Structures are given as structure tokens and as C-alpha cells.
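Structure assessment
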Amino acid sequence: MAVSNNIIATINFIALICSIPIIFTGVWLASKPDNHCIRSLPWPIVFIGVLFLLLALTGFIGAYYNKQGLLAFYLFCNAALIVTGIILLILAYIVTHPSGAYSVPGREYDEYRYMGYSEWLRDHITDPENWESIKACLAASSVCKKMVWDSYTAPQFFASRISSLQSGCCKPPTVCGYQYVNPITWINPTNPMGDVDCVLWNNDPNQLCYNCDSCKAGVLGNLRKEWKKANIILIIAVVVLICLYIIAFNAYKNTHKTESKK
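No experiment lies behind these values; they were computed from the predicted model shown.

Moving on, we get to empty space enclosed by the protein. According to the stated counting rule, one finds one cavity of 30 Å³ or more in the structure shown. The calculated volume of the largest cavity comes to roughly 30 Å³. For the lining of the largest cavity, the per-class residue count stands at seven nonpolar, one polar and one charged.

Now the structure itself:
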């Protein structure tokens, strides 16, 4: 095996190993309770990891067995993946950049405004058809129930850093002026017309604020946070792909030069 092929085989073997953590990251995100109700969230990361693995495997086999046609195919797929990755990064940034989070005086946690998120997220994630299944999943999950298990007093609760899902779905908006009983039980609003969600709040554990716009905003806030993590993985993958392409292309070109001199 030529020196150039040795280089391509080695770097693709390393890339093959690196693809495994990417796949496991997607599986880990899928297993997190906060992401349980949005099943489509982690799978793009798993898909990227699998493509990365298949690409590295193609490059390794092509280099190890000196299959020039396979190496040419590998370079083409690598270039296509780089372009696709860059496009995905730009789209992900545009879609996830707007944030509906806002701070509330006297509260450590943020609250979330539904219209603060991008129109694409609102239309594709929390549209009526999707929301019914997400809402049912949230009601059956432990996202809100586990807040009661922690036995907060009112000052402890107001000083806690609850998740966007818990802030949006498990309690009424602060502007409503409800009095705290426990994290999912609130009574006697002093400003029931302060927000459209005020009248939608229900102390029934199966309803809470699952019909509220604030809950939809909490779901989108959680999605945005997780996609920020996914974008970091995608950036690393694109940088590695570019490095692989440059090294592999130069090695492939040198191989052809060597063969043409024989």
C-alpha cells in the first residue's frame, strides 16, 4: 500500500472511531427526560454520526485495498457532506437564534414568550397536530411531577433554576398573580386578565398549563437549548470533514502523480 494510501487509511480509521461518540450523543439526547416528548430532536445527530461512520469506512476500505474508484467516490461524498453540513448550520442558526426567554423580577428562572421563537419552529413543532401528542406526552411524564417530589417552599421555588419546560408548562405565568401552594398548585390570581394563559391554568395535574402558549414556548426553549448543543457537534463534524477532505484529496492527487510517472 502506497504512503498516500496509508495516510488516507489512517485518518479515516481515526474518523471511524470519532463517529461513535457522535452517535452516542444523539442516543443520549434521546434518553433525556426533557427531550422524551420531541422524538425527532436527537435523530439528526444520530444520522450525522452514521453518515460520518459510513464515509470514514468507505475512505478506509478504498485506501487500504487501493480502490481508486472508491476513493474518488469517497472524496465526492465528503465534499457533498461538507456543503450539506454548512447549509444545515446556517439554517439551524436562523431557526434557533430568536429566543422567547425573558427574566421576571424576583424569580431566578426565566419565563418564555411563544411569539419570541421563529415562525418555522412554531409552525413545524407546535402546530395543532404535533401539539396534541406532545401535550399528552408531557402530561404522562414526570417533568412536572418531580417538582412536587422536591418539596419546595415558596422562596426556594422562586430561587430555583427550573427548566424551560417546567417554567412554561407546570405553573402559570407570574403576571397572573397566582399564590403559590406547591410547584404545581397555584390559587387566587390577583391579575387574571394579565395574560391569555391565566384563564387556561388548571390545578388538575393532567392539565396544568399544557394548553398554554407559555408551555409551547417552554418546549421550543428546550428544543432551542438542545439544538445549540447539536450545532456544536455539527460544527466539529464539518471542520473534521474539511480537514479529512484536504488531506485525502492531496494524498489521492499524489497517488495519481506517482502512478503516472511509472
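The discussion continues.
A few words on helix H5 (residues 128-140). Taking 1.5 Å as the rise per residue, H5 with 13 residues should run 18 Å; its terminal C-alpha atoms sit 19 Å apart, in good agreement. Along H5, the positions that sit buried rather than exposed are Trp 131, Ile 134, Lys 135, Cys 137, Leu 138 and Ala 139.

Glancing now at the packing of aromatic side chains. Under the defined criterion, the tally for this structure stands at ten aromatic pairs. Each ring, one from Tyr 152 and one from Phe 157, has its centre 5.7 Å from the other, and the planes form 75°; the classification is edge-to-face. Ring plane angle 85° and centroid distance 5.2 Å describe the contact between Tyr 180 and Trp 186, whose orientation is recorded as edge-to-face. Taken individually, Tyr 180 and Trp 186 each receive the classification buried, so the pair is uniform in this respect. In this structure an aromatic cluster arises from ring pairing among Tyr 109, Tyr 152, Phe 157, Phe 158, Tyr 180 and Trp 186. Looking at Arg 113, its charged tip hangs above the ring of Tyr 102, at a distance of 4.2 Å from the centre. A cation over a ring is seen here: Lys 216 above Tyr 114, with NZ or CZ 5.7 Å from the ring centre.

Another point: the environment of Gly 62. Checked against the element boundaries, Gly 62 lands in helix H2 (residues 43-64). When its relative accessible area of 0% is taken as the criterion, Gly 62 is described as buried. Taking the C-alpha atoms as reference, Gly 62 lies 7.9 Å from Ala 9; in sequence the two are 53 residues apart.

Now for a nonpolar patch on the surface. Together, Val 83, Ile 86, Ile 87, Ile 90, Leu 91, Tyr 93 and Ile 94 line one region of the surface with nonpolar side chains, adding up to about 670 Å² of accessible area. One can find Val 83 in helix H3 (residues 68-96).

Right, let's get into the layout of surface pockets. Taken as a whole, the largest pocket holds about 590 Å³ of empty space. In this structure, the largest pocket is lined by 25 residues; those nearest its centre are Pro 44, Leu 88, Ala 92, Trp 227 and Leu 234. Residue contributions to the lining of the largest pocket peak at eight residues, all from H3. Roughly 270 Å³ of internal volume is contained in the second largest pocket.

A few words on the UniProt feature "transmembrane region" (unreviewed entry) in the protein. Mapped onto this numbering, the UniProt entry annotates "transmembrane region" (unreviewed entry) at residues 6-29, 41-65, 71-95 and 232-252. Taken end to end, residues 71-95 is 100% helix and 0% strand, and its two terminal C-alpha atoms sit 36 Å from one another. A helix fraction of 100% and a strand fraction of 0% characterise residues 232-252, whose end C-alpha atoms lie 30 Å from each other.

Definitions and cut-offs
- For every chain, the first residue of the written sequence is number 1, and numbering continues from 1 along that sequence.
- Owing to the predicted nature of the model, reporting of local features is limited to residues with pLDDT of at least 70; listing and counting of side-chain atom pairs is limited to 80 or more, with chain, interface and lining totals taken over all residues.
- Side-chain descriptors were evaluated using all non-hydrogen atoms of the structure, hydrogens and water having been removed beforehand.
- Here a cavity means grid points, on a 1 Å grid over the protein atoms only, where a 1.4 Å probe fits yet cannot get out; a pocket means an open set of points with protein on both sides within 12 Å along at least five of seven lines; lining residues are those with an atom within 4 Å of a point.
- Grid points are joined across faces, edges and corners, and a volume is the space filled by probe spheres set on the points.
- Throughout, the ten residues Ala, Val, Leu, Ile, Met, Phe, Trp, Tyr, Cys and Pro are labelled nonpolar, Asp, Glu, Lys and Arg are labelled charged, and all others, Gly among them, are labelled polar.
- By definition, any uninterrupted DSSP run of H or I lasting at least four residues is a helix, any uninterrupted run of E lasting at least two residues is a strand, and each is numbered from the N terminus.
- To estimate the expected span of a helix, count its residues, drop one, and scale the result by 1.5 Å.
- Only protein chains enter the calculation, and the probe is 1.4 Å; a residue is then buried if its accessible area is under 20% of its type maximum, exposed if over 50%, and partly exposed in between.
- Any pair of Phe, Tyr and Trp rings, taking the six-membered ring for Trp, is counted once the centres come within 6.5 Å. Such a pair is stacked with planes under 30 degrees apart, edge-to-face with planes over 60 apart, and tilted for the rest.
- A ring has a charge above it when a Lys NZ or an Arg CZ is no more than 6 Å from the ring centre and no more than 35 degrees off the ring normal.
- In this scheme, patches are assembled from residues that exceed 30% relative accessible area and form no salt bridge. Like charges are connected within 9 Å, while nonpolar side chains (Val, Leu, Ile, Met, Phe, Trp, Tyr) are connected within 5 Å.
- Surface accessibility follows the Shrake-Rupley procedure with a 1.4 Å probe radius. Residue values consider only the protein chains on display as shielding.
- We count a salt bridge whenever a side-chain nitrogen from Lys or Arg sits within 4 Å of a carboxyl oxygen from Asp or Glu.
- UniProt positions are given in the numbering used here, feature names are shortened, and annotations may be inferred rather than shown by experiment.

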